[in-house]
Amino acid sequence: MSTEVKAYGTASADAPLQEIKINRRALQAHDVEFEILYCGICHSDLHQIKNDFGGTLFPIVPGHEIVGRVTAIGDHVKNFKIGDLAAVGCIVDSCGNCEYCEDGIEQFCDEGVTFSFNSEDKISGGHTLGGFSKTYVCHEKYVLKMPPFKDLAAAAPLLCAGITVYSPLKHWQAGPGKKVGILGIGGLGHLAIKIAKAMGAEVVVFTTSPSKVEDAKRLGADEAVLSSDAETMAKYARQLHFIIDTVSAKHDVNVYLNLLRHDGTVVLVGLPPEPLEVASFNVVIGRRSFAGSNIGGIAETQEMLDFCFEHNITAESEIISIQQVNHAFERLEKGDVKYRFVIDMASL
């Protein structure tokens, strides 16, 4: 028997989110059910409810930065008990058999992952419904052990924003002796600063916003540069080992490719809606690369949570009630948040 629970969702791209009722599946042998305490708001939530990418499955309940407390477990669950803190990020299912799943990079699953919302639901039918709700049910393989952060709400954005920047920083070996550039200070960029610093890298931030230059230093950046300042930008030519590009709007990546040392890489984690142009000489000279990265697998997401707990890293967050969510999305669209909204789900 499925269980009916409260949620916030919408039936169309031009309608506001409102309280609705949804069904969560009956507990299966390997399932964990948890009460949702906090859910972060990600820019991709906004894209999906507006159907910006096409293919949104309505009615939609967004939310994939989900933190809660376990309320029930299936008969065969081994890693969780009732009362434990638990979390779900972007991925709630994958084929489990392809080379990518076997290597722990489920985000690249050959058959395609099941996301925590707006994916075909292979178990219950229909489509998955996200964390803007009272409860969540998920196979324990995809449920994360949430460390006891002092500020649990501010840790919720780690489930997407945190892993999105942690994975490339680790893959391209940010650490002592490495000079890492971070392009853009928003939900992703501000966490990239904190994580790269904790890894031991020297961090240089590039921003188009004069007000964010000082904020970057407050967050831990060694240097912060206004990208419109051509004279200062020129000083960084061929200086950086690696740049993480968090910008989700059209921009000139060639400017940043020229800041790389030989064998350096610009890694895109933002999602600009239009193609970006790369001039051939900017990659040929210096054997530079322009690459991309997309979230991380379950094991790496757990590693990221443990790393952030050890280093006391959480998101700069504004806590809101679920009733404020439509206004929060309006502000998010204008960039009016420093740097993540998190919903206190007790308000539902």
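Preceding this section is the structure that the text describes.
Residues numbered from 1 in each chain as written. Predicted model: local features only at pLDDT ≥ 70, side-chain atom pairs only at ≥ 80, totals over all residues. Heavy atoms only, no water.

Q: Report on a negative patch on the surface, specifying residues and quantitative values.
A: Together, Glu99, Glu102, Asp103, Asp110 and Glu111 line one region of the surface with negative charge. You can see glutamate 111 is positioned in the loop between helix H2 (99-102) and strand E7 (114-115). The class of glutamate 111 is exposed, set by a relative accessible area of 60%. (Patch = residues over 30% accessible without salt bridge, like charges linked within 9 Å, V, L, I, M, F, W, Y side chains within 5 Å. Areas by Shrake-Rupley, 256 points an atom, 1.4 Å probe, with all protein chains shown as cover. Salt bridge = Lys/Arg side-chain N within 4 Å of Asp/Glu carboxyl O. Lys, Arg positive; Asp, Glu negative; His and termini not counted. Charge placed at Lys NZ, Arg CZ, Asp CG, Glu CD. Helix = DSSP H or I, 4+ residues; strand = E, 2+ residues; numbered from the N terminus. Buried < 20%, exposed > 50% of the residue type's maximum accessible area, 1.4 Å probe, protein only.)

Q: Explain the pattern of salt bridges to me, and be specific about the residues and the numbers.
A: If the charged atoms of two oppositely charged side chains come close together, the side chains can form a pair. What the rule picks out here adds up to twelve salt bridges. A salt bridge links lysine 179 to glutamate 202; its shortest N-O distance comes to 3.7 Å. One end of the pair, lysine 179, is in strand E10 (residues 179-183); the other, glutamate 202, is in strand E11 (residues 202-207), with 23 residues separating them in the sequence. Note on lysine 179: relative accessible area 16%, which makes it buried. Here glutamate 202 falls in the partly exposed class, since its relative accessible area comes to 32%. In this structure, aspartate 215 and arginine 218 form a salt bridge, with 2.6 Å as the shortest nitrogen-oxygen distance. With aspartate 215 and arginine 218 both in helix H6 (residues 211-218) and three residues apart, this pair spans about one turn of that helix.

Q: Kindly report on H6, identifying the contributing residues and their values.
A: Considered for burial, the residues of H6 that qualify are Lys212, Val213, Asp215 and Ala216. Residue glycine 220 follows H6 closely and has a positive phi angle near 120 degrees.

Q: How would you sum up the nonpolar core? Please name residues and give values.
A: One finds Ile41, Phe132 and Met146 to be the most contacted residues of the largest nonpolar core, which totals 98 residues. Ranked by size, the runner-up nonpolar core spans 16 residues in total, among them Val204, Met233, Val266 and Leu276. (Core = buried A, V, L, I, M, F, W, Y, C linked by side-chain atoms within 4.5 Å.)

Q: Now, about the packing of aromatic side chains: what can you tell me, with residues and values included?
A: Any pair of aromatic rings gets described here by the distance separating the centres and the angle formed by the planes. Applying the stated criterion to the full structure yields seven aromatic pairs. For the pair phenylalanine 206 and tyrosine 236, a centre-to-centre distance of 5.8 Å together with 85 degrees between the ring planes defines the contact as edge-to-face. With phenylalanine 206 in strand E11 and tyrosine 236 in the loop between helix H7 (230-234) and strand E13 (240-245), the pair connects residues that are 30 residues apart, well separated along the chain. Taken individually, phenylalanine 206 and tyrosine 236 each receive the classification buried, so the pair is uniform in this respect. Above the face of the phenylalanine 80 ring, lysine 145 is positioned so that its terminal group lies 4.4 Å from the ring centre. (Phe/Tyr/Trp six-rings, centres within 6.5 Å; stacked < 30°, edge-to-face > 60°. Lys NZ or Arg CZ within 6 Å of the ring centre and 35° of its normal.)

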